[in-house]
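Spelled out from the first residue to the last, the chains are:
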Amino acid sequence: MMIDWTLQIPAVFDVGHIFLVTLGFLLLVVLLLKRTPSEPLPAEDDKKSETGASETGEEAPAETAAPPSIKSSQPDSALQLLSLLQKEARLIDFVQEDLTGFSDEEVGAAARVVHQGAKKVVEKHFTLAPVRSEEEESTLTVDKGFNPQEVQLTGNIAGEAPFTGMLVHKGWRVEHITLPQMVEGHDVTIIAPAEVEV
Amino acid sequence: MSEETMNSEYDQEAQEQDRETTAEAGAAYSVGIDLGTTHCVASYVDNRSDELDLVHELFPIPQLVGQGSVEACEQLPSFLYQAHPSELAEEAIALPWASQPDALVGTLARELGGKTPTRLVSSAKSWLCHGEVDRYEAFLPLESPEEVEKVSPVDASKQYLNHIRDAWNHAHPDEPLEEQDVVITIPASFDPSARELTAEAAYSVGLHSVTLLEEPQAAVYSWIKTSGKDWREKVTVGDVVLVVDIGGGTTDLSLVSVVEESGSLELRRVAVGDHILLGGDNMDLALAYRLKAKLAESGKQLQPWQVNGLTHGCRAAKEQLLSDDTIDAVPITVPSRGSKLLGSTLRTELTRAEVEETLVQGFFPEIEVTEHPMQARRGALKKLGLPYASDAGMTRHLAAFLNKHRNALSEGEPDDDDADGFIQPTAILFNGGALKSPLLANRLLNIINRWIETAGGEPARLLDGADLDLAVAKGAAYYGNVRRGRGVRIRGGVASSYYVGIESSMPAIPGMEPPLQALCVAPFGMEEGTEVEMSEEQFGLVVGEPVQFRFFGSTIRREDAVGDMLEHWEPDQLEELPEIEVTLPVEGDRAAGDVVPVRLEAKVTEVGTLELDAIPVEGEGRWKVSFDVRQK
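Residues numbered from 1 in each chain as written. Chains lettered and ligands numbered in written order. Predicted model: local features only at pLDDT ≥ 70, side-chain atom pairs only at ≥ 80, totals over all residues.

Right, let's talk about the overall build of chain B for a bit. Across its full length, chain B carries 14 helices and 29 strands. Taken along the three principal axes of its C-alpha coordinates, chain B extends 80 × 65 × 65 Å. Buried residues in chain B amount to 46% of all 632 residues. Counting contacts in chain B only where the partners sit at least 6 residues apart, residues at least 24 apart contribute 72% of the total. (Helix = DSSP H or I, 4+ residues; strand = E, 2+ residues; numbered from the N terminus. Buried ≥ 20, exposed ≤ 12 C-beta atoms within 10 Å, placed from the backbone. Contact = placed C-beta atoms within 7 Å.)

Here is the structure:
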């Protein structure tokens, strides 16, 4: 790939960011594989099931800890999201292309399409909030009993909580999802139909 | 209502009974429907809640947003798509309440129509008040191939209401929309026949207790609701509020005066503007064509679909440029249609200078108040189409409106000594998405205030706190509640006085048309639910044959009373409306060909429509005079 990283035109940022954007969405897709659309997010459910489990645990102490249940993925909502990202942001078209041989200006123009569309999809269907409200690169303390799903420790992890460290990334939490409802029987694997102009 | 029932003794009683039953049962909700040219919005208030904490709820309308994909959105785009039988899979267009809906409306309809315009019905509302077409005739989409199923403007409006009704009933199975107080908004400039057609579309989908409300009034109601108790402090007796409502496709102007009536503040709508087919969509289009020309200069010719994409891009870019002065240019990209995105994506940019020149100077030119819209010369052969405003200068339309209604507050005939004068509003309320931009809103406000200050008046203040996109629907829902006797009501009545043309009998003079007189049958400001004494003048109706009358309206002659006969008038005082027609059936002792003398009586219904009846001078009966919405 021929990219001149020293280029001074701002198009460069697009190239760098587009990979982040793409990566971000693929991660979102993976996240959604585990959830069905328009359902309450699992935070509360998890708490309920936790208390439920502890109650039953007390009643039946003889049972050994059951292996964690692994949910099978529900591809429908992932396909739906891909379809939205393709329709609004042309994400699949973009990812499927070979960028070799295109100038940064051309990549930049396409990146704007992807960025604008993806932003629209994300803002419309997801309510996002940072996991930590502190400024990035500031020092913070992670208290005892922290949720390792929310805060991931890296680097020199040793000793007992509280841990003091620098906030590298503030994290993102999806507070609310609203995806369009799907009509039963509609083939969701067609994320973009072939278009024939007659 | 079929033609038959409209021309004979009609089912008005049945409708009134329906209305009473609903009122008795005490509808749970007041539902406001903004049946817009480009979007419909529905809002409601719970009639059972306390007046002081009435909560407005927007009713998000579930609709197809893609094939097989349903989502509830704040707005239902007012588009109807007539799909080819094999174009869409059955399950692709199913809705939660119908596996095979009667019609495809909303977001998906608009999207499909963007690619296949010959199957898309749009702007049905503008056709509803277009006097030169038969509004019952199925002719939309215009210029589409013969095999595309056509609908009439009334049918299209019916389909939007039908969708909203089904959506509501799906969400509120115990409180069907048919049993709620429904208020549908219409442009203040709608003529009597367009009002009646709107009401008819509502009846035909079972909404019998419907009331019509003018959109600028709805905006005022919404403002009153938002201001809460404070509204009485924001306006005072003697204030004249100018409402400027720039929607997607139309611009609607009204004047509301604040008066004192038995010790309390009262609002009166004193003037409405003409129907101006000019709105925010024109602005986006103007920008897109400007960019198209710019690209053409650099040798790039655009396909129609690219212009379409450019228009979408311009809408977003315009909003960005108008809301943030630190940006000088916004890039616009139109992706290729094929899967190859790179290399074939069209890229251009919209600059601040372009937006200012096209929108600010093009649509809001800095003019004097004496400058009025330029009339384009009409070609002899005019293609059938909507009568779009030929002058895009909003300020010129506004200047003409203020000048035309310079005597709106005083009784008596327009004072011709002061032909260049204008009414000076003391407060201004904006509505419509186009005025969300502070740049455009301030520009408009400054121009109006410069006119006022030049004339030696006090500058008008802006009434703030309005929700420019949703105010009309919200105001309509609030009005439904006001009609139940809660809160302040804007009085206005009919915005025009109406006249029947009578050719005077005189010896024929070659080359001269017999002089026409105009008999006033409904006075300006006649209120909903009132009727006026029938006129003295008698007309001879031939039994068994439709008899037509010429029909006129005037928004500036406020002093004429029922029965007044005008011998002459200034050409701009009376506007000719589509003809009206009545047929007396052959029955009883009336034989075909007999001439029966009748008088005309006018009534403004609770719904907000004007009704004219023909009543025989001798004998029983009452026949409806229908607004002839059919083309001759």
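For the rest of this paragraph, the subject is the packing of helix α9 (residues 280-297) of chain B against helix α11 (residues 352-363) of chain B. Residue and element names in this part refer to chain B. Two elements in contact, α9 and α11, have axes whose closest approach is 10 Å; the angle formed by their N-to-C orientations is 135°. Of the possible angle classes, the one that applies to α9 and α11 is oblique. As for how α9 packs across α11, the hand of that crossing is right-handed. On α11, the residues touching Met283, Ala286, Leu287 and Arg290 of α9 are Glu354, Val355, Thr358, Leu359, Gly362 and Phe363. Split by residue class, the contact of α9 with α11 holds six nonpolar, two polar and two charged. (Axes fitted to C-alpha atoms, helices over the stretch in contact; angles between N-to-C directions. Parallel < 35°, antiparallel > 145°, perpendicular 65-115°, else oblique. Left-handed = near helix turned anticlockwise from the far one by under 90°. Nonpolar A, V, L, I, M, F, W, Y, C, P; charged D, E, K, R; others polar.)

Membership of the largest hydrophobic core comes to 166 residues, with the highest contact counts inside it found for Ile33, Leu80, Ile164, Val220, Leu429 and Val521 of chain B. Those residues in contact with Ile33 of chain B that lie beyond four places of it in its chain are Cys40, Ala42, Ile164, Val182, Ile184, Ala473 and Ala476 of chain B. With 19 residues, the next largest nonpolar core counts Leu81, Ala89, Val107 and Ala110 of chain A among its residues. (Core = buried A, V, L, I, M, F, W, Y, C linked by C-beta atoms within 7 Å.)

Our next topic: the interface of chain B and chain A. With 21 residues of chain B at the interface, the matching set in chain A holds 21 residues. Going through the elements one at a time, β4 (61-66), β5 (69-73) and β15 (329-334) of chain B are the ones with two or more residues in the side of chain B that touches chain A. The element that contributes the greatest number of residues to the side of chain B that touches chain A is β5 of chain B, accounting for three residues. For the side of chain B that touches chain A, the residue count by class is eight nonpolar, eight polar and five charged. With two bridges joining them, strand β5 (residues 181-182) of chain A and β5 of chain B adopt antiparallel strand pairing. Bridge pairing in β5 of chain B places Gln181 of chain A opposite Val70 of chain B. (Pairing = 2+ DSSP bridges.)

Right, let's talk about the sheet that holds strand β8 (residues 104-105) of chain B for a bit. Residues and elements named next belong to chain B. Strands sit in the order β8-β7-β9 across an open sheet of three strands; the sheet is antiparallel. In the strand order of this sheet, the two ends are held by β8 and β9 (120-121), each with one partner. Two elements, strand β7 (residues 80-81) and β8, share two bridges in a ladder whose sense is antiparallel. When the bridges of β8 are listed, Tyr81 appears paired with Leu104.

Residue and element names in this part refer to chain B. With 20 residues, helix α10 (residues 304-323) should reach 28 Å at 1.5 Å per residue; the first-to-last C-alpha distance of 29 Å fits that figure. Of the positions making up α10, those classed as buried are Gly309, Leu310, Thr311, Gly313, Cys314, Ala317, Lys318, Leu321 and Leu322. In this structure, the buried side of α10 is in contact with α9, β15, β16 (346-351), α11 and α13 (438-454). (Expected span 1.5 Å × (residues − 1).)

What follows covers the sheet that holds β5 of chain A. The antiparallel open sheet is built from three strands, whose spatial order is β5(A)-β5(B)-β4(B). Here the strands that pair on one side only, and so sit at the sheet edges, are β5 of chain A together with β4 of chain B. Relative to β5 of chain B, β4 of chain B runs antiparallel, the two sharing five bridges. The partner of Pro62 of chain B across the bridge, within β5 of chain B, is Ala72 of chain B. Helix-sheet contacts for helix α3 (residues 107-115) of chain B involve β4 and β5 of chain B, and the interaxial angle to β4 of chain B is about 30°.

Residues and elements named next belong to chain B. Look at helix α14 (residues 471-482): 16 Å from first C-alpha to last across 12 residues, which is about the 16 Å you get at 1.5 Å a residue. In terms of burial, α14 is a largely internal element, 12 of the 12 residues being buried. All of the buried residues in α14 are Ala471, Val472, Ala473, Lys474, Gly475, Ala476, Ala477, Tyr478, Tyr479, Gly480, Asn481 and Val482. Where α14 is buried, its residues contact β1 (29-35), β2 (39-46), β10 (181-186), β11 (210-214), α7 (215-227) and β17 (427-431).

Looking now at unusual backbone geometry. The amide bond that connects Ala161 of chain A to the next residue, Pro162 of chain A, takes the cis arrangement and shows omega of -5°. The step from Leu140 of chain B to Pro141 of chain B runs through a cis peptide bond, and the omega angle for that step is -5°. Following the sequence through the fold, Pro141 of chain B ends up in the loop between α4 (124-128) and α5 (153-171). Phi at Arg90 of chain A is positive, roughly 55°, even though this residue is not glycine. When you line up the elements, Arg90 of chain A lands in the loop between α3 (75-89) and α4 (91-96). Accessibility expressed as a C-beta count within 10 Å gives 23 for Arg90 of chain A, which makes it buried. In this structure, Ser123 of chain B is a non-glycine residue whose phi angle is positive, near 55°. Along the chain, the position of Ser123 of chain B falls in the loop between β9 and α4.

Such coordinate-based values are descriptive only and should not be taken to indicate function.
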